[in-house]
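One-letter residues, chain by chain:
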Amino acid sequence: MDARLDAPAAGLLLVGRRPPLGEYLLEAWRRRRFAATLASHRLIGSLLQNRLGVLWIVLKPLLTATIYGTIFGVLLSGAARPDDWVPYLLTGVFIFEFFTGCFGKGARAITGNAKLVQSFGFPRILLPLATVIEETLRLIPIVVLLAVLLMILGVPISWTWLLVVPILAMMALFNLGMALIVARLSVWARDVQQFIPTINRILFYVSSIFFQVDVIFADNPVLLTIAHLIPTYDYIALVRDVMIVGHPAPLLAVIAAPVWALLAFGIGVIYFWRAEAKYGLSD
(Lines give C-alpha, C1' and ligand atoms only; values in the text may rest on other atoms or scores of the structure.)
Protein backbone atom coordinates (compact mmCIF):
# COMPACT_ATOMS: atom_id res chain seq x y z
CA MET A 1 0.00 0.00 0.00
CA ASP A 2 1.24 3.49 -0.86
CA ALA A 3 2.40 5.19 2.37
CA ARG A 4 0.83 8.44 1.16
CA LEU A 5 -2.62 6.88 1.45
CA ASP A 6 -2.13 6.33 5.16
CA ALA A 7 -0.87 9.86 5.89
CA PRO A 8 -4.27 11.49 6.50
CA ALA A 9 -5.31 8.63 8.77
CA ALA A 10 -2.15 9.18 10.80
CA GLY A 11 -2.94 12.88 11.19
CA LEU A 12 -0.18 13.97 8.80
CA LEU A 13 -0.34 16.41 5.91
CA LEU A 14 1.16 15.55 2.54
CA VAL A 15 3.89 18.00 1.60
CA GLY A 16 3.06 19.84 -1.63
CA ARG A 17 -0.69 19.34 -1.25
CA ARG A 18 -3.31 22.02 -0.69
CA PRO A 19 -6.23 20.60 1.29
CA PRO A 20 -9.73 22.10 1.08
CA LEU A 21 -10.04 25.37 2.99
CA GLY A 22 -12.30 23.97 5.71
CA GLU A 23 -10.04 20.99 6.31
CA TYR A 24 -7.02 23.27 6.26
CA LEU A 25 -8.39 25.62 8.90
CA LEU A 26 -9.57 22.72 11.06
CA GLU A 27 -6.09 21.20 10.98
CA ALA A 28 -4.57 24.60 11.84
CA TRP A 29 -6.92 24.87 14.82
CA ARG A 30 -5.92 21.40 16.02
CA ARG A 31 -2.26 22.44 15.90
CA ARG A 32 -2.73 25.90 17.40
CA ARG A 33 -0.52 24.95 20.35
CA PHE A 34 2.38 24.62 17.93
CA ALA A 35 1.97 28.30 16.95
CA ALA A 36 1.67 29.38 20.58
CA THR A 37 4.73 27.36 21.63
CA LEU A 38 6.78 28.64 18.70
CA ALA A 39 5.81 32.23 19.52
CA SER A 40 6.70 31.94 23.21
CA HIS A 41 10.04 30.25 22.48
CA ARG A 42 10.97 32.94 19.97
CA LEU A 43 10.05 35.68 22.39
CA ILE A 44 12.06 34.16 25.22
CA GLY A 45 14.99 33.48 22.90
CA SER A 46 15.07 37.08 21.66
CA LEU A 47 14.94 38.43 25.22
CA LEU A 48 17.74 36.19 26.42
CA GLN A 49 20.05 37.64 23.78
CA ASN A 50 19.90 41.08 25.42
CA ARG A 51 21.21 42.08 28.82
CA LEU A 52 18.13 44.15 29.59
CA GLY A 53 15.83 41.31 28.55
CA VAL A 54 12.14 42.17 28.85
CA LEU A 55 12.95 45.85 29.39
CA TRP A 56 13.70 46.18 25.69
CA ILE A 57 10.07 45.43 24.93
CA VAL A 58 8.99 48.66 26.62
CA LEU A 59 12.16 50.67 25.99
CA LYS A 60 11.87 50.50 22.20
CA PRO A 61 8.48 52.24 21.86
CA LEU A 62 9.39 54.59 24.72
CA LEU A 63 12.59 55.67 22.96
CA THR A 64 10.69 56.05 19.69
CA ALA A 65 8.12 58.27 21.36
CA THR A 66 10.86 60.32 23.03
CA ILE A 67 12.84 60.88 19.83
CA TYR A 68 9.92 61.72 17.57
CA GLY A 69 8.19 63.62 20.35
CA THR A 70 11.20 65.86 20.76
CA ILE A 71 11.47 66.52 17.02
CA PHE A 72 7.79 67.09 16.32
CA GLY A 73 7.28 68.88 19.60
CA VAL A 74 9.45 71.64 18.17
CA LEU A 75 7.99 71.55 14.65
CA LEU A 76 4.33 71.34 15.53
CA SER A 77 2.43 74.16 17.12
CA GLY A 78 -1.07 75.53 17.49
CA ALA A 79 -4.21 73.47 17.04
CA ALA A 80 -2.40 70.67 15.17
CA ARG A 81 -0.93 69.59 18.49
CA PRO A 82 -3.51 68.85 21.23
CA ASP A 83 -3.08 70.21 24.74
CA ASP A 84 -2.57 66.69 26.10
CA TRP A 85 -0.02 66.00 23.40
CA VAL A 86 2.22 63.64 25.40
CA PRO A 87 -0.56 61.12 26.22
CA TYR A 88 -1.79 61.55 22.63
CA LEU A 89 1.70 60.80 21.26
CA LEU A 90 2.43 57.87 23.58
CA THR A 91 -0.82 56.14 22.72
CA GLY A 92 -0.20 56.50 19.00
CA VAL A 93 3.39 55.26 19.08
CA PHE A 94 2.73 52.34 21.44
CA ILE A 95 -0.26 50.99 19.50
CA PHE A 96 1.42 51.46 16.13
CA GLU A 97 4.32 49.28 17.30
CA PHE A 98 1.92 46.33 17.37
CA PHE A 99 1.22 46.70 13.66
CA THR A 100 4.84 47.19 12.58
CA GLY A 101 5.96 44.10 14.48
CA CYS A 102 3.31 41.86 12.91
CA PHE A 103 3.72 43.34 9.44
CA GLY A 104 7.51 43.22 9.35
CA LYS A 105 7.96 39.79 10.88
CA GLY A 106 4.96 38.43 9.01
CA ALA A 107 6.78 39.11 5.74
CA ARG A 108 9.53 36.73 6.87
CA ALA A 109 7.24 34.09 8.36
CA ILE A 110 7.78 31.61 5.50
CA THR A 111 11.10 32.70 3.99
CA GLY A 112 12.71 32.90 7.41
CA ASN A 113 11.65 29.36 8.29
CA ALA A 114 12.64 27.60 5.07
CA LYS A 115 14.11 24.51 6.76
CA LEU A 116 11.05 24.04 8.93
CA VAL A 117 8.74 24.43 5.93
CA GLN A 118 10.73 21.95 3.83
CA SER A 119 11.10 19.36 6.57
CA PHE A 120 7.64 19.04 8.11
CA GLY A 121 4.09 18.84 6.91
CA PHE A 122 1.80 21.23 8.78
CA PRO A 123 -0.52 24.12 7.88
CA ARG A 124 1.88 26.93 6.96
CA ILE A 125 -0.63 29.47 8.24
CA LEU A 126 0.65 28.62 11.71
CA LEU A 127 3.89 30.48 11.00
CA PRO A 128 2.32 33.93 10.40
CA LEU A 129 -0.05 33.14 13.28
CA ALA A 130 2.95 32.50 15.55
CA THR A 131 4.32 35.91 14.56
CA VAL A 132 1.10 37.67 15.58
CA ILE A 133 0.95 35.70 18.85
CA GLU A 134 4.55 36.69 19.62
CA GLU A 135 3.81 40.36 18.96
CA THR A 136 0.67 40.13 21.07
CA LEU A 137 2.75 38.83 23.97
CA ARG A 138 5.10 41.75 23.47
CA LEU A 139 2.14 44.10 23.45
CA ILE A 140 0.99 43.17 26.97
CA PRO A 141 3.81 44.93 28.91
CA ILE A 142 3.62 47.83 26.44
CA VAL A 143 -0.06 48.41 27.19
CA VAL A 144 0.61 48.10 30.92
CA LEU A 145 3.37 50.73 30.62
CA LEU A 146 1.06 52.95 28.60
CA ALA A 147 -1.61 52.77 31.32
CA VAL A 148 0.95 53.61 34.01
CA LEU A 149 2.34 56.56 32.03
CA LEU A 150 -1.14 57.93 31.35
CA MET A 151 -1.94 57.81 35.07
CA ILE A 152 1.34 59.59 35.88
CA LEU A 153 0.47 62.24 33.31
CA GLY A 154 -2.85 62.87 35.01
CA VAL A 155 -5.21 61.03 32.67
CA PRO A 156 -8.16 59.85 34.77
CA ILE A 157 -8.69 56.09 35.07
CA SER A 158 -11.95 54.85 33.61
CA TRP A 159 -13.76 51.56 33.13
CA THR A 160 -13.60 52.28 29.41
CA TRP A 161 -9.93 51.34 29.55
CA LEU A 162 -11.09 47.72 29.57
CA LEU A 163 -12.35 48.21 26.03
CA VAL A 164 -8.73 48.32 24.91
CA VAL A 165 -8.74 44.50 25.03
CA PRO A 166 -11.42 43.93 22.35
CA ILE A 167 -10.03 46.80 20.26
CA LEU A 168 -6.56 45.26 20.21
CA ALA A 169 -8.05 41.81 19.57
CA MET A 170 -9.73 43.31 16.50
CA MET A 171 -6.43 44.90 15.50
CA ALA A 172 -4.67 41.54 15.95
CA LEU A 173 -7.12 40.01 13.46
CA PHE A 174 -6.28 42.77 10.98
CA ASN A 175 -2.55 42.31 11.62
CA LEU A 176 -2.84 38.56 11.01
CA GLY A 177 -4.56 39.15 7.70
CA MET A 178 -1.84 41.56 6.59
CA ALA A 179 0.89 39.19 7.82
CA LEU A 180 -0.61 36.37 5.72
CA ILE A 181 -0.69 38.57 2.63
CA VAL A 182 2.91 39.78 2.88
CA ALA A 183 4.10 36.29 3.88
CA ARG A 184 2.91 34.89 0.56
CA LEU A 185 4.07 37.93 -1.41
CA SER A 186 7.56 37.53 0.08
CA VAL A 187 7.71 33.93 -1.12
CA TRP A 188 6.83 35.11 -4.61
CA ALA A 189 9.34 37.99 -4.50
CA ARG A 190 11.81 38.56 -1.67
CA ASP A 191 12.02 42.20 -2.73
CA VAL A 192 8.69 42.74 -0.98
CA GLN A 193 10.53 42.66 2.33
CA GLN A 194 12.57 45.67 1.25
CA PHE A 195 9.42 47.76 0.93
CA ILE A 196 8.05 46.90 4.37
CA PRO A 197 10.06 49.57 6.29
CA THR A 198 8.98 52.22 3.76
CA ILE A 199 5.32 51.24 4.06
CA ASN A 200 5.60 51.28 7.86
CA ARG A 201 7.17 54.72 7.77
CA ILE A 202 4.45 56.12 5.52
CA LEU A 203 1.71 54.69 7.74
CA PHE A 204 3.54 56.04 10.78
CA TYR A 205 3.24 59.58 9.45
CA VAL A 206 -0.33 59.36 8.17
CA SER A 207 -1.89 57.59 11.18
CA SER A 208 -2.33 60.80 13.19
CA ILE A 209 0.30 59.85 15.73
CA PHE A 210 1.72 63.38 16.08
CA PHE A 211 -1.09 65.64 14.95
CA GLN A 212 -4.88 65.90 14.83
CA VAL A 213 -6.13 65.12 11.34
CA ASP A 214 -9.53 66.60 12.16
CA VAL A 215 -7.85 69.97 12.64
CA ILE A 216 -5.37 69.86 9.76
CA PHE A 217 -7.90 68.59 7.19
CA ALA A 218 -10.89 70.44 8.60
CA ASP A 219 -11.28 72.39 5.33
CA ASN A 220 -10.68 69.38 3.10
CA PRO A 221 -13.39 66.72 3.63
CA VAL A 222 -11.94 64.41 0.97
CA LEU A 223 -8.53 64.17 2.65
CA LEU A 224 -10.20 63.92 6.05
CA THR A 225 -12.29 60.98 4.89
CA ILE A 226 -9.22 59.26 3.47
CA ALA A 227 -7.36 59.80 6.76
CA HIS A 228 -10.28 58.33 8.71
CA LEU A 229 -10.18 55.22 6.53
CA ILE A 230 -6.52 54.36 7.18
CA PRO A 231 -6.63 51.12 9.22
CA THR A 232 -3.80 51.96 11.60
CA TYR A 233 -5.40 55.34 12.29
CA ASP A 234 -8.72 53.66 13.05
CA TYR A 235 -7.33 51.37 15.75
CA ILE A 236 -5.22 54.12 17.31
CA ALA A 237 -8.26 56.43 17.31
CA LEU A 238 -10.37 53.79 19.05
CA VAL A 239 -7.76 53.25 21.76
CA ARG A 240 -7.46 57.00 22.31
CA ASP A 241 -11.23 57.22 22.50
CA VAL A 242 -11.45 54.79 25.42
CA MET A 243 -8.28 55.86 27.24
CA ILE A 244 -7.93 59.62 26.83
CA VAL A 245 -10.72 62.08 27.57
CA GLY A 246 -11.50 64.51 24.79
CA HIS A 247 -10.43 62.43 21.81
CA PRO A 248 -13.54 60.65 20.51
CA ALA A 249 -13.00 58.43 17.51
CA PRO A 250 -14.85 59.59 14.37
CA LEU A 251 -17.87 57.50 13.41
CA LEU A 252 -16.22 56.45 10.16
CA ALA A 253 -13.27 54.97 12.09
CA VAL A 254 -15.62 53.10 14.44
CA ILE A 255 -17.35 51.54 11.42
CA ALA A 256 -14.20 50.95 9.38
CA ALA A 257 -12.12 49.25 12.09
CA PRO A 258 -14.10 45.97 12.27
CA VAL A 259 -14.61 46.01 8.50
CA TRP A 260 -10.85 46.27 7.95
CA ALA A 261 -10.26 43.41 10.41
CA LEU A 262 -12.73 41.07 8.69
CA LEU A 263 -11.61 42.01 5.18
CA ALA A 264 -7.89 41.64 5.92
CA PHE A 265 -8.38 38.35 7.74
CA GLY A 266 -10.70 36.85 5.12
CA ILE A 267 -8.61 37.94 2.14
CA GLY A 268 -5.38 37.02 3.91
CA VAL A 269 -6.49 33.49 4.80
CA ILE A 270 -7.75 32.68 1.30
CA TYR A 271 -4.80 34.32 -0.46
CA PHE A 272 -2.29 32.51 1.76
CA TRP A 273 -4.09 29.15 1.55
CA ARG A 274 -4.20 29.18 -2.24
CA ALA A 275 -0.39 28.95 -2.36
CA GLU A 276 -0.10 26.35 0.42
CA ALA A 277 1.29 23.68 -1.93
CA LYS A 278 4.07 25.99 -3.16
CA TYR A 279 5.63 27.04 0.15
CA GLY A 280 9.14 25.72 0.50
CA LEU A 281 9.44 24.53 -3.10
CA SER A 282 11.32 27.61 -4.30
CA ASP A 283 13.58 28.07 -1.26
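Residues numbered from 1 in each chain as written. Predicted model: local features only at pLDDT ≥ 70, side-chain atom pairs only at ≥ 80, totals over all residues. Heavy atoms only, no water.

A.B. asks: Whenever I open this one, the packing of helix H2 (residues 21–30) against helix H13 (residues 251–273) confuses me. Can you help?
C.D. replies: Two numbers describe a pair of packed helices, the interaxial angle and the distance between the axes. Put simply, H2 and H13 touch, their axes get as near as 11 Å, and they point 100 degrees apart. Taken together, the axis directions place H2 and H13 in an arrangement best described as roughly perpendicular. Of H13, the residues touching H2 (which contributes Leu21, Tyr24 and Leu25) are Val269, Ile270, Phe272 and Trp273. Here the contact of H2 with H13 is composed, by residue class, of seven nonpolar, no polar and no charged. (Axes fitted to C-alpha atoms, helices over the stretch in contact; angles between N-to-C directions. Helix = DSSP H or I, 4+ residues; strand = E, 2+ residues; numbered from the N terminus. Parallel < 35°, antiparallel > 145°, perpendicular 65-115°, else oblique. Contact = heavy atoms within 4.5 Å. Nonpolar A, V, L, I, M, F, W, Y, C, P; charged D, E, K, R; others polar.)

A.B. asks: Even after reading the chapter, I still don't get helix H11 (residues 221–228), so can you show me in this structure?
C.D. replies: Side chains of residues three or four places apart in an α-helix project in the same direction, reflecting 3.6 residues per turn. Taken as a whole, H11 has its buried residues at Leu224, Ala227 and His228. Down the axis of H11, the smallest arc covering the buried residues is 95 degrees, so these residues share one side. On the buried face of H11, the contacting elements are helix H10 (213–216), helix H12 (231–243) and H13. (Buried < 20%, exposed > 50% of the residue type's maximum accessible area, 1.4 Å probe, protein only. Arc of directions from axis to C-beta.)

A.B. asks: I keep staring at a nonpolar patch on the surface and nothing clicks. Help me out?
C.D. replies: Together, Leu229, Leu251, Leu252, Val254, Ile255, Val259, Trp260, Leu263 and Ile267 line one region of the surface with nonpolar side chains, adding up to about 760 Å² of accessible area. With respect to the secondary-structure elements, Leu252 resides in helix H13. (Patch = residues over 30% accessible without salt bridge, like charges linked within 9 Å, V, L, I, M, F, W, Y side chains within 5 Å. Areas by Shrake-Rupley, 256 points an atom, 1.4 Å probe, with all protein chains shown as cover. Salt bridge = Lys/Arg side-chain N within 4 Å of Asp/Glu carboxyl O.)

A.B. asks: Would you explain the packing of aromatic side chains in this entry?
C.D. replies: How two aromatic rings sit relative to each other is set out by the distance from centre to centre and by the angle between their planes. Within the structure shown, the criterion is met by 10 aromatic pairs. For the pair Phe34 and Phe122, a centre-to-centre distance of 5.3 Å together with 55 degrees between the ring planes defines the contact as tilted. Placement of Phe34 in helix H3 (residues 32–48) and of Phe122 in the loop between helix H6 (114–119) and helix H7 (126–152) is noted, with a sequence separation of 88 residues between them. According to the relative accessible area criterion, Phe122 is buried, its value standing at 6%. Ring centres of Tyr205 and Phe210 lie 6.2 Å apart, and the angle between their planes is 40 degrees; this geometry places the pair in the tilted category. Since its relative accessible area comes to 34%, Tyr205 is described here as partly exposed. By the ring-pair criterion, three or more aromatic residues cluster together here, those being Phe96, Phe99, Phe103, Phe174, Phe204, Tyr205, Phe210 and Tyr235. Its end group placed over the ring of Phe204, Arg201 keeps NZ or CZ at 5.5 Å from the ring centre. (Phe/Tyr/Trp six-rings, centres within 6.5 Å; stacked < 30°, edge-to-face > 60°. Lys NZ or Arg CZ within 6 Å of the ring centre and 35° of its normal.)

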